[in-house]
Amino acid sequence: MSEVRGHDHAACRAAALEAATRLTGSRGLKLTPTRARVLEIVAESHKPVGAYDILQRLAGERGRAAPPTVYRALAFLVEQGLVHRIDSLNAFIACFDAEHAHEAGFLICETCRTVEEIADPALFERIRALVAAHDFKASRATVEIAGACAACRGARKAA
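Residues numbered from 1 in each chain as written. Predicted model: local features only at pLDDT ≥ 70, side-chain atom pairs only at ≥ 80, totals over all residues. Heavy atoms only, no water.

Asks: Can you walk me through the overall build of the protein in this structure?
Replies: Looking only at helices and strands, one finds 6 helices and 5 strands in the protein. Going residue by residue from the N terminus, the α and β elements of the protein occur as α-α-α-α-β-β-β-β-α-β-α. Against the globule reference of 15 Å for 159 residues, the protein gives a C-alpha radius of gyration of 17 Å, in line with a compact fold. The C-alpha extent of the protein, read off along each of the three principal axes, is 50 × 50 × 25 Å. Within the protein, the fraction of its 159 residues that count as buried is 33%. Pairs at least 24 apart in sequence give 53% of the contacts found in the protein among residues at least 6 apart. (Helix = DSSP H or I, 4+ residues; strand = E, 2+ residues; numbered from the N terminus. Rg over C-alpha atoms; globule rule 2.2 N^0.38 Å. Buried < 20%, exposed > 50% of the residue type's maximum accessible area, 1.4 Å probe, protein only. Contact = heavy atoms within 4.5 Å.)

Written out as structure tokens, the structure is:
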């Protein structure tokens, strides 16, 4: 999702937190205050955020924050599908459709660092078919496409 003038990131953060509360509750899991705050930090924009950045934010808000606390919270959020890890950036982005199990890929703007999630079942079915055709057992797969979003391309044309 490209940066949109007037976009309400607070609404995105609230929606992610509401979905996380419903999802973890339905699974009999706890959305602890730390897990919830880490999710809020990640969901505040559509840009990837690193674990160190989250750690700094928590430390600024709560005093000293321990790295294992952040990493455990992120591991939980990723495991529950509430946050995705962007491997190429060593960063995390909130999933805004966590209540529906899906495989996701990412369009990463190299200019503004905005990330858009793509979830196309046909794409991932084709990937699984290719993996099977090569008699390969995949442990995980991530589709990350780097380039320029429409807003950044438009800004370049206007300049």
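Asks: Which parts of the structure should I look at to understand the sheet that holds strand β3 (residues 105-109)?
Replies: Two orientations exist for strands paired in a sheet by backbone hydrogen bonds: parallel and antiparallel. Spatially, the 3 strands line up as an open sheet ordered β4-β3-β5, and their pairing is mixed. At either end of the open sheet lies a strand with only one pairing partner, and these are β4 (115-118) and β5 (143-147). Averaged over all pairs of adjacent strands, the angle between their axes in this sheet comes to 20°, without regard to strand direction. The pairing of β3 with β5 spans 5 bridges and is classified as parallel. (Pairing = 2+ DSSP bridges. Axes fitted to C-alpha atoms, helices over the stretch in contact; angles between N-to-C directions.)

Asks: Any chance you could explain helix α3 (residues 51-62) here in plain terms?
Replies: Since the α-helix packs 3.6 residues into each turn, any two residues three or four apart lie on the same face. Spanning 12 residues, α3 covers 16 Å between terminal C-alpha atoms, matching the ideal 16 Å at 1.5 Å per step. Within the span of α3, buried status applies to A51, I54, L55 and L58. In an axial view of α3, the angular spread of the buried residues amounts to 100°, which keeps them on one side of the axis. Within α3, the exposed residues directed more than 90 degrees away from the buried face are Y52 and G60. Each element contacted by the buried residues of α3 is listed here: α2 (33-43), α4 (67-79) and β2 (91-94). Of the residues trailing α3, G63 is marked for its positive phi of about 85°. (Expected span 1.5 Å × (residues − 1). Arc of directions from axis to C-beta.)

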